[in-house]
Amino acid sequence: MTEAPEPLKPLKTWSHLAANRRRPSEYEIVSTNLHYSTDNPDAPWELDPNLHMQKWYRKYRNESTLKHEDWNAFRDPHAQVYRTYNLLQDGQEQHVKSLLDQFSDRGHDQLLDAGWFDVLLKLYTPSRYAFHALQMGSAYVAQMAPSSTITNCATFQTGDCLRWLSHTAYRTRELSMASPATGFGEKERQIWENDPVWQGFRELLEKTLVAWDWGEAFAALNLVAKPAVEEALLEQLGKSARANDDTLLGLITQAQMQDAKRHRDWAAALVKMALTVDGNKAVLKGHIDKYMPLAQKAVEAYASALPGLDNAAEEALAGVRTFHNALDLA
Amino acid sequence: MTLLKREDWYDLTRATNWTPKYVSEDELFPEEMSGARGIPMEKWETYDEPYKVTYPEYVSTQREKDAGAYSVKAALERSRFLDNADPGWISTMQAHYGAIALAEYAASTAEARMCRFSKAPGNRNMATFGMLDEVRHGQAQLYFPHSYTRRNRQWDWAHKALHTNEWGAIAARHFFDDMMMTRDAIGVSIMLTFAFETGFTNMQFLGLAADAAEVGDHTFASLISSIQTDESRHAQQGGPALKILIENGKKKDAQQMVDVAFWRAWKLFSVLTGPIMDYYTPLEGRKLSFKEFMLEWIVAQFERQILDLGLDRPWYWDEFMRALDETHHGMHLGVWYWRPTVWWNPSAGVTPEERDWLEEKYPGWNDTWGQCWDVIIDNLKNGKPELTGPETLPVVCNMSNIPIVGTPGNGWNVKDYQLEHEGRLYHFGSEPDRWCFQVDPERYKGHLNFIDRFLAGHVQPPDLMGGLKYMGLAPGEMGDDAHNYEWMSKYAKAAS
Ligand SMILES: [Fe+2]
Ligand SMILES: [Fe+2]
């Protein structure tokens with residue numbers, strides 16, 4: 001018999017954070033190392049090792065071409081936790097609510113040009129499909145990400161995409177009341193599925209949604225499809241709206257861009273972390289090169305249809321490229 | 001104020017199905033992930049979630065809920081409740097947090113499965129809130145116990161438990177992974193949200209909150225009852241999916257998913273919640289017995305919901321009702337006996353007064369379970385504590401991954417339900433456990449429970465110390481009697 005070892009001493013924090021010299025923040029206490037399914041790479045789930053979902057997670061997460069020894073070291077630059085997410089977004093929603101309220105009181109929609117209703121039906125209200133696709137794509141990244149700190153960013157992003165979709169839905173109903181004959185709330189699916197202005201985005205988003213490798217899904221969504229949607233459907237559409245006296249839409253898209261900026265911040269931080277590992281640059285560049293031509297087509301088809309703007313497509317693509325340039329992927 | 005009402009625009013938020021063109025529908029919604037079971041997309045569009053909430057409503061309500069729960073914690077921090085709390089209640093919290101916090105967080109992934117892969121647009125939006133909810137539950141149930149880590153190393157297990165191969169952690173993962181992590185979207189909606197959350201989270205979060213309030217732990221009570229308000233919302237995702245399955249001739253599938261998830265949830269609760277409610281919680285804090293809580297939350301409410309939806313009672317209902325009197329007593333005895341193998345200090349809960357309570361709630365207790373405790377009490381009285389702890393390993397069920405128990409003493413009925421499948425012999429704690437395996441052996445057949453691993457040589461050295469090391473338990477973490485056997489004084493006095 002060996003001597004019984006000394007009892008473990010209590011710690012000031014979780015044992016997995018105890019080696020850090022700094023006192024852990026609330027963010028670290030509640031966000032780090034929460035996925036138990038990454039503990040055993042051979043069997044993510046505590047069941048038969050050959051089950052379909054085991055293979056899915058082994059192949060598309062554990063054996064992703066995007067590699068890092070310790071994804072758990074990832075930190076959200078905004079250190080967002082659930083509690084602060086709601087604080088932030090409840091405040092943001094109060095802002096949007098007061099916009100909707102004030103503009104409605106002032107009869108904003110009654111003052112819109114009749115032709116502008118047709119533009120909105122064609123280029124704005126079908127956006128709920130695009131935003132919803134981003135919501136679905138974010139939920140995929142959330143369920144496949146190899147660390148909880150990445151999952152959380154993608155989870156809050158999923159919520160934000162539902163937020164954008166909700167704004168569109170709300171405005172769609174208001175517009176249908178202001179202009180019952182236009183077809184708001186009725187024709188969007190048909191337009192999304194058939195109008196040439198949307199087919200580029202539809203193709204980009206459908207293909208992004210079937211990128212199963214988690215690294216590819218992240219890159220396709222957060223580095224290409226989402227920024228492209230944001231530059232075209234938030235930035236450029238917002239600009240076009242302002243140029244056509246639709247002040248409300250301009251303000252809503254501005255509010256949504258705040259979320260988009262946060263999403264780009266965490267995506268950039270993740271890319272930065274990935275680039276510390278040899279080989280990841282080529283992998284990420286490969287993903288971007290694969291989806292960028294689709295994004296380009298999408299943005300060109302959509303943005304060149306925006307009235308009142310001269311270089312909307314170029315500007316939108318420049319916006320995506322500016323984001324890429326800051327990622328140090330060249 | 002001219003804002004639209006929710007019902008004016010809500011439907012547009014869930015008019016989001018489109019026909020894919022650049023990839024096929026089967027690529028966009030792979031059957032193994034979506035689980036549409038051949039029911040066409042338009043049918044899934046009739047999915048109507050009974051609990052409707054919009055994004056702005058969600059962030060506003062949730063902000064308030066968190067403000068409430070966190071401010072109760074802050075306000076009561078100085079009351080030093082824990083300094084004076086009964087050790088049995090501390091064990092209750094430690095068992096709860098370790099088994100629950102990371103599992104709740106994992107449920108966020110299950111919600112994300114529905115959000116991405118369900119063909120029902122309403123399901124995808126509700127699951128978005130569900131994803132957020134489960135992040136909340138994971139994070140809050142880490143934040144609260146974290147303030148206790150300085151007291152005792154066992155609190156570390158609020159975060160650590162599910163990362164280990166401790167037997168209870170294996171059992172919890174096996175259950176949660178089966179029900180929520182490895183199922184298609186519709187499977188998740190039925191097994192996690194309908195079968196588990198509708199019934200059982202009420203037990204854990206409202207039943208336990210009632211006990212917490214009785215023992216004066218208002219921080220814990222307010223936290224878990226606040227969590228339950230989210231559960232009762234997102235638990236309603238399963239009902240409309242069940243309805244669509246039944247309307248489209250898939251009742252058999254639906255029934256089977258409910259029956260498997262329900263039985264498995266019951267077994268996990270028999271080892272986690274049963275002992276907590278009937279033995280760890282101080283006598284004066286026991287609002288109802290475990291069985292009474294089960295009858296209230298599960299039998300009365302859940303059974304009615306099953307029937308209302310057009311499903312049948314699970315085929316094993318009689319066996320379930322019978323087991324309500326029995327299983328958790330055996331689980332408790334086993335956990336206390338193998339106490340070094342858990343991350344909390346099990347409370348024996350068998351003082352003469354507690355035994356009176358047990359006898360009243362479970363007539364015949366003294367003649368069965370009581371007889372085992374009599375032996376333990378005699379050994380402690382006679383200065384032979386070594387006889388009250390483990391030397392051998394229990395037989396562990398290949399489904400529930402918890403020991404196989406039955407009624408001892410005068411009601412002896414312990415039985416190992418065996419099954420040979422493809423040359424391997426499996427052991428089960430009950431007929432329904434064996435049935436769960438038989439309806440889908442591919443899910444389970446290659447899994448090794450703790451005993452299988454021990455026999456396969458994974459546990460080295462192959463003894464108790466090796467076992468504890470394998471389970472990640474060191475002195476300072478492993479359990480011992482919660483009250484340091486002080487309860488024995490009542491028996492010593494009685495004898496002298
Ligand atoms: Fe939960
Ligand atoms: Fe839940």
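It should be noted that the structure appears before, not after, this text.
In this report, the structure presented in the accompanying data block is examined.

Calculation rules
Residues numbered from 1 in each chain as written. Chains lettered and ligands numbered in written order. Predicted model: local features only at pLDDT ≥ 70, side-chain atom pairs only at ≥ 80, totals over all residues. Heavy atoms only, no water. Donors = N, O, S within 2.8 Å, 3.2 Å for Na, K, Ca; no water. Tetrahedral: all angles 85-135°; square planar, octahedral: opposite > 155°, others 65-115°. Helix = DSSP H or I, 4+ residues; strand = E, 2+ residues; numbered from the N terminus. Buried < 20%, exposed > 50% of the residue type's maximum accessible area, 1.4 Å probe, protein only. Pairing = 2+ DSSP bridges. Contact = heavy atoms within 4.5 Å. Buried area = accessible area lost by both parts, 1.4 Å probe. Salt bridge = Lys/Arg side-chain N within 4 Å of Asp/Glu carboxyl O. Patch = residues over 30% accessible without salt bridge, like charges linked within 9 Å, V, L, I, M, F, W, Y side chains within 5 Å. Areas by Shrake-Rupley, 256 points an atom, 1.4 Å probe, with all protein chains shown as cover. Lys, Arg positive; Asp, Glu negative; His and termini not counted. Charge placed at Lys NZ, Arg CZ, Asp CG, Glu CD. Phe/Tyr/Trp six-rings, centres within 6.5 Å; stacked < 30°, edge-to-face > 60°. Lys NZ or Arg CZ within 6 Å of the ring centre and 35° of its normal.

Turning our eyes to something else, we now look at the coordination of the iron ion (ligand 1). Residues and elements named next belong to chain B. Looking at the metal site, the iron ion (ligand 1) is ligated by E104 (OE), E134 (OE), H137 (ND1) and E231 (OE), spaced 1.8 to 2.2 Å from it. Given four donor atoms and angles of 89 to 135° at the metal, the environment of the iron ion (ligand 1) is assigned as tetrahedral. For the pair the iron ion (ligand 1) and the iron ion (ligand 2), the metal-to-metal distance amounts to 3.2 Å, and E134 bridges them. Taken as a pair, E134 in helix α8 (residues 121–146) and E231 in helix α13 (residues 218–234) lie far apart in primary sequence, 97 residues in all. Classification of E134 by relative accessible area gives buried; the value is 1%. Judged by relative accessible area, which is 1%, E231 ranks as buried.

Those protein atoms acting as donors to the iron ion (ligand 2) are B:E134 (OE), B:E197 (OE), B:E231 (OE), B:E231 (OE) and B:H234 (NE2), and they sit at 1.9 to 2.7 Å. Mapped onto the sequence, the donors of the iron ion (ligand 2) take the spacing E-x62-E-x33-E-x2-H.

Here we take up the pairing of strand β1 (residues 417–421) of chain B. Residues and elements named next belong to chain B. Only one face of β1 is buried: it carries Y417, L419 and H421, and the other face, with Q418 and E420, is open. The sheet contact formed by β1 and strand β2 (residues 424–428) spans five bridges and is antiparallel. What sits directly across from H421, in β2, is R424. In textbook terms, the turn of a hairpin is the stretch between consecutive antiparallel strands, and for β1 and β2 this stretch comprises two residues, one of which, E422, has a positive phi near 50°.

As a further point, take the interface of chain A and chain B. The partner chain B presents 88 residues to the 88 residues of chain A that form the contact. Here chain A and chain B share an interface that buries about 8,200 Å² over both sides, 64% of which is from carbon and sulfur atoms. The largest share of the area that chain A buries against chain B comes from A:Y36, A:E46 and A:Y82, three residues that together contribute 11% of it. Counting across the chain A and chain B interface gives four salt bridges.

Next up on the list: a negative patch on the surface. Taken together, the side chains of B:D26, B:E27, B:E31 and B:E32 make up a negatively charged region of the molecular surface. Following the sequence through the fold, B:D26 ends up in helix α2 (residues 25–28).

This brings us to the packing of aromatic side chains. All names here are of chain B. Per the stated rule, a full pass over the model turns up 55 aromatic pairs over all chains. Ring plane angle 65° and centroid distance 4.9 Å describe the contact between W263 and Y316, whose orientation is recorded as edge-to-face. Of this pair, W263 sits in helix α15 (residues 251–280) while Y316 sits in the loop between α16 (290–308) and α17 (317–323), and the two are 53 residues apart along the sequence. Relative accessible area serves as the criterion here: at 1%, W263 is assigned to the buried category. The cationic tip of K73 hangs over the ring face of F144; the distance from NZ or CZ to the ring centre is 5.6 Å. Here R116 stacks its cationic end above the ring of F29, 5.8 Å away from the centre of that ring.

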